[in-house]
Amino acid sequence: MKSAAATPPYTLNHPRWYRKRVSTYWWLQRWEYLRFVLREISSVFVAWFVVVTLLQLYGVSRGPDAYGEFQNFLKNPFIIAFNVISFLFVVFHSITWFNLSARAMSIRFGGKRVPGFLISGPNFAAWLVISGVIAWLLLRG
């Protein structure tokens, strides 16, 4: 007679669970997914602008000749095209960041939640004013 301990009440082979196949391009199926992926990719272009700014500061610190070399580097057509694409991605990144600020901050006033446009609106207004002042300073001369 076999003992109860000799025959386990389970099988050694685990059943395979059904898993739906997901396409590599799942993020192209809906605008919300594509926007999310583009926003994440845009951080690479933000980093590019940080590197360019640091290189510019380094060129300024080394004198007029080094800064002239840096300016010649920026005149390369490939770099100009890349900077234009980077600028568009940075603007997209900024817009999505300001829109997310209303969701990230839950501000209550008088027991009611403040609407999202009252949170993100001042961000956009400040961005517009600061950009206008910088454009005025750069273009007046």
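Fair warning: this is a prediction, and the values are worked out from it, not measured in the lab. (Residues numbered from 1 in each chain as written. Predicted model: local features only at pLDDT ≥ 70, side-chain atom pairs only at ≥ 80, totals over all residues. Heavy atoms only, no water.)

Participant: For the pattern of salt bridges, give the residues involved together with the corresponding values.
Facilitator: Following the criterion strictly, the structure yields one salt bridge and no others. Note that Glu-32 and Arg-30 form a salt bridge whose closest N and O atoms lie 3.5 Å from each other. Residue classification places Arg-30 among the partly exposed residues on the basis of a relative accessible area of 45%. (Salt bridge = Lys/Arg side-chain N within 4 Å of Asp/Glu carboxyl O. Buried < 20%, exposed > 50% of the residue type's maximum accessible area, 1.4 Å probe, protein only.)

Participant: Run through the side chain of Ser-120, naming residues and quoting values.
Facilitator: Positionally, Ser-120 belongs in helix α4 (residues 116-139). Beyond its immediate chain neighbours, meaning those up to four positions away, Ser-120 contacts Phe-98, Ser-101 and Ala-102. (Helix = DSSP H or I, 4+ residues; strand = E, 2+ residues; numbered from the N terminus. Contact = heavy atoms within 4.5 Å.)

Participant: Help me get a handle on the packing of aromatic side chains, residues and values and all.
Facilitator: The tally for this structure, following the rule as stated, stands at ten aromatic pairs. Seen in terms of ring centroids, Phe-98 and Trp-127 are 5.7 Å apart; in terms of plane orientation they differ by 65 degrees. Their pairing is edge-to-face. One end of the pair, Phe-98, is in helix α3 (residues 77-104); the other, Trp-127, is in helix α4, with 29 residues separating them in the sequence. The exposure class of Trp-127 is partly exposed, given its relative accessible area of 29%. Judged by centre distance (6.3 Å) and plane angle (40 degrees), the rings of Phe-124 and Trp-127 are tilted. With Phe-124 and Trp-127 both in helix α4 and three residues apart, this pair spans about one turn of that helix. Put simply, the rings of Phe-45, Trp-48, Phe-78, Phe-82 and Phe-89 touch in pairs and so form one group of aromatic residues. Directly above the aromatic system of Trp-136 lies the positively charged group of Arg-140, at a separation of 5.1 Å from the ring centroid. (Phe/Tyr/Trp six-rings, centres within 6.5 Å; stacked < 30°, edge-to-face > 60°. Lys NZ or Arg CZ within 6 Å of the ring centre and 35° of its normal.)

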